[in-house]
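# Structural features, examined
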There are 2 protein chains.
Amino acid sequence: MTVSPTRIPEATVARLPVYLRALNSLLDSDIRSCSSEELATAAGVNSAKLRKDLSHLGSYGTRGVGYDVEYLRYQISREIGLTQDWPVVIVGIGNLGHALANFSGFSSRGFRTVALLDADESRHGELVAGCPIRDFGELGQIVREHGVAIGVIATPASAAQAVCDQMIAAGIRSVLNFAPTVLSVPEDVDVRMVDLSSELQILAYHEQRKAPHVEGAPGTEGVA
Amino acid sequence: MTVSPTRIPEATVARLPVYLRALNSLLDSDIRSCSSEELATAAGVNSAKLRKDLSHLGSYGTRGVGYDVEYLRYQISREIGLTQDWPVVIVGIGNLGHALANFSGFSSRGFRTVALLDADESRHGELVAGCPIRDFGELGQIVREHGVAIGVIATPASAAQAVCDQMIAAGIRSVLNFAPTVLSVPEDVDVRMVDLSSELQILAYHEQRKAPHVEGAPGTEGVA
DNA sequence: TAGATTGTTAATCGATTAACAATC
DNA sequence: TAGATTGTTAATCGATTAACAATC
């Protein structure tokens with residue numbers, strides 16, 4: 001219940017999940033304690049940034065020693081809010097929705113998929129990751145029943161805004177959008193967009209600027 | 001072949017695909033010309049940022065008038081490098097790889113999936129989005145044959161680093177990683193990570209800080 | 001005490017924003 | 001010419017980084 005003294009910068013918040021994963025992987029290797037340098041390496045950032053980030057949460061390390069992996073993991077989890085349960089609904093059960101429903105990275109972090117919804121009647125009742133596909137019309141009831149606060153949109157772009165509107169009407173204020181379209185929402189609603197095509201385009205931009213691809217270049221090919 | 005006068009800021013590069021999509025959607029509505037204000041609204045940013053961003057590319061608008069939608073779209077496409085063809089391989093054809101292979105947002109923007117690779121022999125030959133699944137061992141040959149510059153990793157985390165290493169050995173220098181793990185790569189290789197679980201965690205962080213969820217709140221429920 | 005490493009300070013860098021001169 | 005809107009300037013804000021004092 002300790003409230004953080006200051007607002008945590010957005011860039012830091014975005015990296016906390018990365019630190020969390022790095023800590024988990026250290027624990028998997030039975031590493032109980034680490035320096036900022038080690039953790040930073042595992043997380044793919046530099047140690048100055050890591051220490052600065054952690055300083056926004058509090059003083060959870062020991063000078064001259066480093067961090068207790070389990071303790072730091074707990075503190076970050078708590079800060080993010082992963083010590084509570086987050087019921088989630090996924091709307092649009094195509095291949096992507098399917099993949100999301102099966103993604104263990106969600107369930108292992110306190111995100112519990114309470115319903116899979118799809119507009120296609122012919123798919124209702126089908127089990128995906130042990131959860132039946134239900135009608136989109138049940139959204140409001142499900143949100144009320146389970147206290148769903150986070151909605152995931154994995155529909156085609158054409159349906160996304162309508163789905164989003166319904167989610168908001170049902171009381172959802174945090175939306176993760178995989179549909180390639182900008183959603184308009186009231187300002188108290190958070191939308192995060194995962195834009196697959198943008199990611200490729202950003203890579204293409206940089207690739208284009210690299211040294212031209214040399215045919216039969218210095219590469220080590222066929223390293224089986 | 002015109003080289004941009006200055007380096008384009010990273011934050012701007014990340015928004016160019018968004019502008020491109022907004023321009024496409026304007027064209028779909030038969031809108032041939034727009035102001036920075038209109039385009040910014042469609043893209044979900046403010047107009048000052050939009051104009052600043054575009055100013056890094058050149059002067060493609062007309063003062064007092066606005067932008068020609070088709071012309072601006074072409075200029076942004078060219079800047080990103082979408083006027084050329086980008087052969088892509090996808091490795092790991094589970095639900096997510098499946099979804100990516102079928103994603104029209106890739107193919108419609110010059111990204112051509114030339115191969116789907118998976119380590120699981122039992123799936124070899126299976127057609128996904130009209131493309132047969134092939135053995136991961138063929139990676140080097142496929143990259144050479146098609147001049148693949150971009151690799152997509154949709155494997156489990158445990159396989160991702162090895163897949164990435166092979167991609168780099170085969171000559172790939174741009175990687176889009178969906179596996180929930182940090183990849184270590186030489187500095188001339190670009191990795192973009194799409195981290196589904198991080199996105200949910202970031203939403204959870206903000207949700208947690210919002211006003212506590214009121215049971216039976218002012219919501220409009222059941223708006224069918 | 002001496003060595004190690006955190007947490008913080010201060011400098012630097014990059015991104016955002018508002019305002020407006022240029023110009024259609 | 002008058003109105004509209006871009007492209008640019010300059011101010012502000014936030015993020016990164018290096019260096020180091022605090023302290024285990």
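Residues numbered from 1 in each chain as written. Chains lettered and ligands numbered in written order. Predicted model: local features only at pLDDT ≥ 70, side-chain atom pairs only at ≥ 80, totals over all residues. Heavy atoms only, no water.

Our next topic: the pairing of strand E7 (residues 131-135) of chain B. Sheet topology note: the strand E5 (residues 111-118) of chain B/E7 of chain B ladder contains three bridges and is parallel. When the bridges of E7 of chain B are listed, Leu116 of chain B appears paired with Ile133 of chain B. (Pairing = 2+ DSSP bridges. Helix = DSSP H or I, 4+ residues; strand = E, 2+ residues; numbered from the N terminus.)

This part covers the protein's contact with DNA strand D. In the vicinity of DNA strand D lie 26 residues, with Arg15 and Asn46 of chain A together with Ser36, Lys52 and Tyr67 of chain B positioned nearest. Of everything in DNA strand D that lies within 4 Å of the protein, sugar and phosphate atoms constitute 65%. Within the backbone of Gly64 of chain B, one N or O atom sits 3.1 Å away from a sugar or linking oxygen of DNA strand D. Secondary-structure elements contributing two or more residues to the surface near DNA strand D are helix H1 (10-28) and helix H3 (47-55) of chain A together with helix H3 (47-55), strand E2 (61-62) and strand E3 (66-68) of chain B. Sorting elements by how many residues they give to the surface near DNA strand D places H3 of chain A first, with four residues. The class makeup of the residues in the surface near DNA strand D is six nonpolar, 11 polar and nine charged. (Near = heavy atom within 4 Å. Polar contact = N/O pair within 3.5 Å; in protein donor to acceptor, adjacent residues only side chain to side chain. Nonpolar A, V, L, I, M, F, W, Y, C, P; charged D, E, K, R; others polar.)

Here the UniProt feature "domain: CoA-binding" (unreviewed entry) sits at residues 81-182 of chain A. In the segment residues 81-182 of chain A, helix accounts for 32% and strand for 28%; the C-alpha atoms at its two ends are 27 Å apart. (UniProt positions renumbered as here; feature names shortened; annotations may be inferred.)

On to the packing of helix H2 (residues 36-43) of chain B against H3 of chain B. All names here are of chain B. As a packed pair, H2 and H3 sit with axes 8 Å apart at the nearest point and diverge in direction by 105°. It follows that H2 is roughly perpendicular to H3 by the angle criterion. Within the contact between the two elements, H2 uses Ser36, Glu37, Leu39 and Ala40 and H3 uses Ser47, Leu50 and Arg51. For the contact of H2 with H3, the class distribution of residues is three nonpolar, two polar and two charged. (Axes fitted to C-alpha atoms, helices over the stretch in contact; angles between N-to-C directions. Parallel < 35°, antiparallel > 145°, perpendicular 65-115°, else oblique. Contact = heavy atoms within 4.5 Å.)

What follows concerns the protein's contact with DNA strand C. Within the structure, DNA strand C sits among 26 residues, and Ser36, Lys52 and Tyr67 of chain A together with Arg15 and Asn46 of chain B are positioned closest to it. Within the backbone of Ser36 of chain A, an N or O atom sits 2.5 Å from a phosphate oxygen of DNA strand C. Backbone polar atom of Gly61 of chain A to a phosphate oxygen of DNA strand C: 2.9 Å apart, as the coordinates give it. Elements represented by at least two residues in the surface near DNA strand C include exactly H3, strand E2 (61-62) and strand E3 (66-68) of chain A together with helix H1 (10-28) and H3 of chain B. Ranked by the residues each element gives to the surface near DNA strand C, the list is headed by H3 of chain B, at four residues.

Residues and elements named next belong to chain B. Here seven strands make up an open sheet; going across it, the order is E6-E7-E5-E4-E8-E9-E10 and the pairing mixed. Either end of the sheet is taken by a strand with one partner, and the two such strands are strand E6 (127-128) and strand E10 (190-193). Relative to E10, strand E9 (residues 174-177) is paired through four bridges, and the arrangement is parallel. Paired with Asn177 across the bridge in E10 is Met193.

Looking now at the interface of chain A and chain B. Contacts between the two partners involve 76 residues from chain A, matched on the other side by 76 residues from chain B. Together, the buried faces of chain A and chain B total about 6,800 Å²; carbon and sulfur atoms form 59% of this surface. Among the residues chain A hides against chain B, the three largest losses belong to Leu200, Gln201 and Leu203 of chain A. Together they make up 10% of the total. Put simply, chain A and chain B have 10 salt bridges between them. Its salt-bridge partner being Glu207 of chain B, residue Arg173 of chain A comes within 3.8 Å of it at the nearest N-O pair. Linking chain A with chain B are 24 residue pairs in polar contact (both at pLDDT 80 or more), by the criterion used here. Class assignment for the residues of the side of chain A that touches chain B results in 38 nonpolar, 21 polar and 17 charged. (Buried area = accessible area lost by both parts, 1.4 Å probe. Salt bridge = Lys/Arg side-chain N within 4 Å of Asp/Glu carboxyl O.)

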